[in-house]
Amino acid sequence: MGTTLPRPSRDNDWWRRALCTSDEECAELFYSEASGSAARAKRICFSCPVRGACLEHAQEIGEFSGIWGGLTGHERRARTRYGRP
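Residues numbered from 1 in each chain as written. Predicted model: local features only at pLDDT ≥ 70, side-chain atom pairs only at ≥ 80, totals over all residues. Heavy atoms only, no water.

## Description of the packing of helix α4 (residues 51–61) against helix α5 (residues 73–81)
Contact geometry for α4 and α5: axes closest at 11 Å, N-to-C directions at 70 degrees. Viewed along their axes, α4 and α5 adopt a mutual orientation that is roughly perpendicular. Residue-level inspection shows Leu55, Ala58 and Gln59 of α4 in contact with α5, the latter providing Arg76, Arg79 and Thr80. Of the residues assigned to the contact of α4 with α5, the class counts are two nonpolar, two polar and two charged. (Axes fitted to C-alpha atoms, helices over the stretch in contact; angles between N-to-C directions. Helix = DSSP H or I, 4+ residues; strand = E, 2+ residues; numbered from the N terminus. Parallel < 35°, antiparallel > 145°, perpendicular 65-115°, else oblique. Contact = heavy atoms within 4.5 Å. Nonpolar A, V, L, I, M, F, W, Y, C, P; charged D, E, K, R; others polar.)

Printed below as a string of structure tokens:
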């Protein structure tokens, strides 16, 4: 049984266009603790057409697990702490 990415609570068009939702293997990459996984997930994010909407969503709901919008949970916490959108 694989990992699935949590879906936004409301209907968001961006979610259907996100590159990370393409398959189960991809979803596992975004929540993996394995060395190098974050870098591979970020490479996918940087070419994703909805990266900004994804990051905004993660920050709105306080999601600090996994890679969202090209940032790790640690990186998103730092942005929130320093008042960056």
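Continuing now.
## What to know about the pattern of salt bridges
Taken as a whole, this structure holds three salt bridges when the rule is applied. Between Arg16 and Asp13 there is a salt bridge, with the nearest N and O atoms lying 3.2 Å from each other. Placement of both Arg16 and Asp13 in helix α1 (residues 13–17) is noted, with a separation of three residues, approximately one turn of the helix. Between Lys42 and Glu75 there is a salt bridge; the shortest N-O distance is 2.7 Å. With a gap of 33 residues between them, Lys42 in helix α3 (residues 37–46) and Glu75 in helix α5 connect regions that are remote in the sequence. Look at Lys42 and you get buried, because its relative accessible area is 17%. A single salt-bridge network, built from bridges that share partners, covers Asp13, Arg16 and Arg17. (Salt bridge = Lys/Arg side-chain N within 4 Å of Asp/Glu carboxyl O. Buried < 20%, exposed > 50% of the residue type's maximum accessible area, 1.4 Å probe, protein only.)

## As for the environment of Ala53
With respect to the element layout, Ala53 can be found in helix α4. Judged by its relative accessible area of 30%, Ala53 is partly exposed.

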